[in-house]
Amino acid sequence: MEVLRILIKPTGSNELNSGKGFFNMVLFEGECDCENFKGKVLPGGVDTQHYYAEGMGRISARYMMEGMDKEGKPCKIFIQNEGEHDHGFLPTTPKVYTDSEALRWLEDADLIGHLIFEESGLIISICTKDE
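All figures in this text were calculated on a predicted structure; none of them were measured in a lab. (Residues numbered from 1 in each chain as written. Predicted model: local features only at pLDDT ≥ 70, side-chain atom pairs only at ≥ 80, totals over all residues. Heavy atoms only, no water.)

Undergrad: Residues and numbers for the nonpolar core, please.
TA: Membership of the largest hydrophobic core comes to 21 residues, with the highest contact counts inside it found for L4, I6, Y63, M65 and I79. Within the residue set of this core, elements represented by two or more residues are β1 (2-18), β2 (21-33), β3 (37-41), β5 (56-69), β6 (74-86) and β9 (121-128). With four residues, β1 is the largest single contributor of residues to this core. Leaving out residues up to four positions away in the same chain, M65 has contacts with I6, C32, F37, K40, V41, L42, C75, K76, I77 and I79. (Core = buried A, V, L, I, M, F, W, Y, C linked by side-chain atoms within 4.5 Å. Buried < 20%, exposed > 50% of the residue type's maximum accessible area, 1.4 Å probe, protein only. Helix = DSSP H or I, 4+ residues; strand = E, 2+ residues; numbered from the N terminus. Contact = heavy atoms within 4.5 Å.)

Dropping the structure here:
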């Protein structure tokens, strides 16, 4: 079951190409408008990408969102999302932390993330694994 759906919009990047691989830090903003949470990504969101010379890679995104939970109460959500890929993105492993009592269950939920590329931008779909 999808619990969060976040539209990511890149705002810049910092790159380094070394003999050990390619490193890219993608800065981004974004928004979430779903049943559990409505709000925006706060400044400072970054996805750190490391691509090894043989094509495999690792991503690690960290960001905080501010908005309203499903009960209409103001809250913040912090997300740490890790993943690996081999010439194509595999599902990610998100960890979610929040100050919302209504969404506190997300901190202990077994979650999986999917990257969905659309015309509007990159969608991060965070789902419970029992889907």
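Undergrad: Help me get a handle on the pattern of salt bridges, residues and values and all.
TA: Taken as a whole, this structure holds 10 salt bridges when the rule is applied. Taking the shortest distance from any N to any O, the salt bridge between D33 and K38 comes out at 3.0 Å. Of the residues examined, D33 reaches a relative accessible area of 59% and is grouped as exposed. Residue classification places K38 among the partly exposed residues on the basis of a relative accessible area of 46%. In this structure, D110 engages K129 in a salt bridge whose closest nitrogen and oxygen atoms are separated by 3.6 Å. Placement of the pair is D110 in the loop between β7 (93-98) and β8 (111-118) and K129 in the segment after β9, with a sequence separation of 19 residues. (Salt bridge = Lys/Arg side-chain N within 4 Å of Asp/Glu carboxyl O.)

Undergrad: Before we move on, could you go through the pairing of β1 and cite the residues and values that matter?
TA: Here six bridges tie β1 to β9, and the two strands are oriented antiparallel to one another. If you follow L7 over to β9, its bridge partner there is I123. Note that β1 and β2 share 12 bridges and pair antiparallel. Its bridge partner being in β2, I8 is matched across the sheet by G30. The turn linking β1 back onto β2 is made up of two residues. (Pairing = 2+ DSSP bridges.)

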